[in-house]
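Descriptive analysis of the structure
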Amino acid sequence: MKVCGPKYALCGLVLSVWGIFQLVLMGIFFYIKSVALVEDLPLEGKYFSNKEEFYTEAERGYTQNAYNCWIAACIYVLTFLFSGYQFYLNSRSSLSTNRDVSINDYTEIVQRLPVTLRLAYGVGHVLNDICASMWFTYLLVYFHFVLGFSATLAGVLLLIGQIADAVATPFVGLHSDKNDDFWLCKYGRRKTWHLLGTICVFFTFPFIFSPCINCENAHQWAQLIYYAAFIIIFQFGWAAVQISHLSLVAELTPTEHERTELIAIRYSFTVSSNILVYCTTWALLHIANNDAPDTQIGPNDAHKFQTIVFCVTGIGIFTSLIFHIFVKEGNINNSDGSLRRNTRSISVLLKNIQLYQAACIYMPTRLFVNLSQIYIPLYLHEFLNMPATLLAIIPLTMFLTSFLTSLVIERLNTKLGRKISYCIGVLFGLSACIWIRFGRGYTFEHYQIYPVSMLLGSSGSILLVTSLGISADFIGQNTESGAFVYGFMSFTDKLGNGLAVMIIQYLRKFIVSTDYYRNILSYVCGCSAICGLLMILYIKPFPSYTAYDIINSDGGTENIDSSSSVVTTTNDRIDIFSSRQEHVT
């Protein structure tokens, strides 16, 4: 039953989300007894005979205020569900027809995706993005400086995760492309894997950033086995969410510019997730810090990392719920055969040289983005000797810039093409790498480091969205193999990143120099960007065919493949248009 219109419902959604985030964070800060909130405690008019009474009453006030905030957040959850249901009722007709093919005078009309569907798709990867931000930015920092693992063992754990992810991605991609009759797969072959991955991630990731349960004093190799078990399950779940979410792009829309827009929206939420992680980290390391302001990260910060993980994963589960409610997976193989996509077998794909060329663009791009994200905190900590709070502020600056850049990437790719857009991203990235190599001194540490982080953020945003767009171009209308293609891309990415990090951490034992991580950011990241640039300049355009079947009057089918955009027909058959276009311009 409709109670309000779409605008009031959308307003209720926005206010509810804001209320949930604010009250949950306020409750956490009250629960950890943040000194900044002492004025909000119900202590006025009370007299205390000694400090013990004051501390007892203050603790009681902190706890009560925390519970009050969380209760209010639960009420906002109810208003969110009500507003979401009202919004769904108002937009149900557009959601139910967003992928329908309307034939009027024998002409196909493909409707533009509704804004709600695009936004709901974008938040479907937030949980993965939050975990990836913690994984790449703080895993080495946490295990090396908080838990006391050696640099090599910390690198081994990251390598285990990357190898597990590399193995899981093609497996998930291969099976996600299959149409199984299993009852759970009726939920949607992509969304089923997304749901399975979400469950694995949610129930394993918090253990990675927590001390070893009942084995804190065990040998480091024993603890490594303990953490490796959770890491492997987590990486399987992460791969399932990533591949299923990416492969939905080609199924939600057949048009190139809308696919690029979906990827840009997805990346915008990726950046927003990173910003959320860094804001939460800064708040807990700065506001809840009882030590000196310039104190660096150490073993006493273990509980803070636990709190950070619990906060951000809770938000990630909330956004995953939005994705599963509002995104309806399209049925690309209709039972009446009215719409049928081209398919390519796995053997045909593996023989296609352009698959490997696209992977050679995606892998160095991810290498540039991930290594800059991993080693910026270590560079700030060891080379520039910055305090713990700046280990959150500098990455936050990077991702704020990434978010702003992501708003114009779709237009950049549409107007200038893939190659020129990628060249602009490489130019920004190389400028940052050169600046890091030669920058030092008071001015660089206090002022120049911010424009450097902005260049890294803009570069990573442009390069990653453009490389994902190239992968979508390669898939074209062959959505039946889309998950395998993304799985193959991710396989090369994870394996390359894992080996690179392991080698870098292993060499750290032999290169005892404070400028080690500075050189990693300068040379390794710079060379990665150059490799991606050379490959995208070399690659030839992908011919993309949109070919559908003809429905004849005798019930048979006849495939057409022409360069015309719209085909008209006689009364005894219906032709749906076929177009040919070339990508990577």
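In the block above lies the structure referred to throughout.
Description of the structure in this document. (Residues numbered from 1 in each chain as written. Predicted model: local features only at pLDDT ≥ 70, side-chain atom pairs only at ≥ 80, totals over all residues. Heavy atoms only, no water.)

A word on unusual backbone geometry
Using the following cut-off: We count a stretch as a helix when DSSP gives it H or I for four or more residues in a row; a strand needs E for two or more, and each element gets its number in order from the N terminus. Relative accessibility decides the category of a residue: with a 1.4 Å probe and only protein chains considered, values under 20% of the type maximum give buried, values over 50% give exposed, and everything between is partly exposed.
With a phi close to 60 degrees, asparagine 214 is a non-glycine residue in the positive phi region. Relative to the helices and strands, asparagine 214 is located in the loop between helix H6 (189-208) and helix H7 (220-252). Taking relative accessible area as the criterion, asparagine 214 reaches 82% and is therefore assigned exposed.

Description of the environment of lysine 33
Formally: We call two residues contacting when some pair of their heavy atoms lies within 4.5 Å.
Considering the arrangement of structural elements, one finds lysine 33 in the loop between helix H1 (6-31) and helix H2 (51-96). On the basis of relative accessible area, lysine 33 is assigned to the partly exposed category, the value being 37%. With residues near it in sequence (within four places) discarded, lysine 33 still touches Glu59 and Tyr62.

Examining the layout of surface pockets
Spelled out, the test is: Put simply, the grid is 1 Å and covers the protein atoms alone, a cavity is a trapped set of points that fit a 1.4 Å probe, a pocket is an open set with protein on both sides within 12 Å along at least five of seven lines, and lining residues have an atom within 4 Å of a point. Grid points are joined across faces, edges and corners, and a volume is the space filled by probe spheres set on the points. The classification used treats Ala, Val, Leu, Ile, Met, Phe, Trp, Tyr, Cys and Pro as nonpolar, Asp, Glu, Lys and Arg as charged, and all other residues, Gly among them, as polar. Each domain span listed reflects an automatic or database assignment of domains.
For the largest pocket, the calculated volume is near 1,100 Å³. Lining of the largest pocket is provided by 30 residues; of these, Val17, Phe21, Val123, Phe269 and Thr319 occupy positions nearest its centre. With nine residues, the top contributor of residues to the lining of the largest pocket is H1. Counted by class, the lining of the largest pocket contains 24 nonpolar, six polar and no charged residues. Looking at which domains feed residues into the lining of the largest pocket, each of domain 1 (6-93) and domain 2 (114-329) gives three or more.

Points about the packing of helix H11 (residues 353-383) against helix H15 (residues 482-507)
Under the convention used in this document: Axes, fitted as lines to C-alpha atoms, cover a helix only where it is in contact. Angles between the N-to-C directions of the axes lie from 0 to 180 degrees. In this scheme, roughly parallel covers angles under 35 degrees and roughly antiparallel covers those over 145, while 65 to 115 is roughly perpendicular and the rest are oblique. By the definition used in this description, the sense in which the near helix is turned from the far one sets the handedness, with an anticlockwise turn below a right angle giving left-handed and a clockwise turn giving right-handed.
Where H11 meets H15, the axes come as close as 8 Å, and the angle between the chain directions of the two elements is 45 degrees. Classified by the angle between their axes, H11 and H15 sit oblique to one another. Of the two possible hands of crossing, H11 and H15 adopt the one that is right-handed. On H15, the residues that touch Leu355, Tyr356, Ala358, Ala359, Tyr362, Met363, Arg366, Leu367, Asn370, Leu371, Ile374 and Tyr375 of H11 are Val485, Phe488, Met489, Ser490, Thr492, Asp493, Gly496, Asn497, Ala500, Val501, Ile504 and Gln505. The class makeup of the residues in the contact of H11 with H15 is 16 nonpolar, six polar and two charged.

Structural notes on helix H12 (residues 390-416)
Condition: To estimate how far a helix should extend, the number of its residues minus one is multiplied by 1.5 Å. Fitting axes to the seven residues that end at a residue and to the seven that start at it, the angle between those axes gives the bend at that residue.
Taking 1.5 Å of rise per residue, the 27 residues of H12 would be expected to cover 39 Å, and the 36 Å separating its terminal C-alpha atoms lies within 8% of that figure. At valine 408, H12 is bent by approximately 45 degrees, the largest bend along its length. Residue glycine 417 follows H12 closely and has a positive phi angle near 90 degrees.

What about the packing of aromatic side chains?
The relative placement of two aromatic rings is captured by the distance of their centres and the angle of their planes. For clarity, the cut-off: Ring geometry is summarised as follows: Phe, Tyr and Trp rings, the Trp one being its six-membered ring, pair when their centres sit within 6.5 Å, and such pairs are stacked at plane angles under 30 degrees, edge-to-face over 60 and tilted between the two.
Counted according to the given criterion, the structure contains 28 aromatic pairs. Ring geometry for phenylalanine 30 versus tyrosine 62: centroids 6.3 Å apart, planes at 55 degrees, classification tilted. Of this pair, phenylalanine 30 sits in helix H1 while tyrosine 62 sits in helix H2, and the two are 32 residues apart along the sequence. Per residue, the accessibility class of phenylalanine 30 equals that of tyrosine 62, and both read buried. Judged by centre distance (4.6 Å) and plane angle (10 degrees), the rings of phenylalanine 207 and phenylalanine 230 are stacked.

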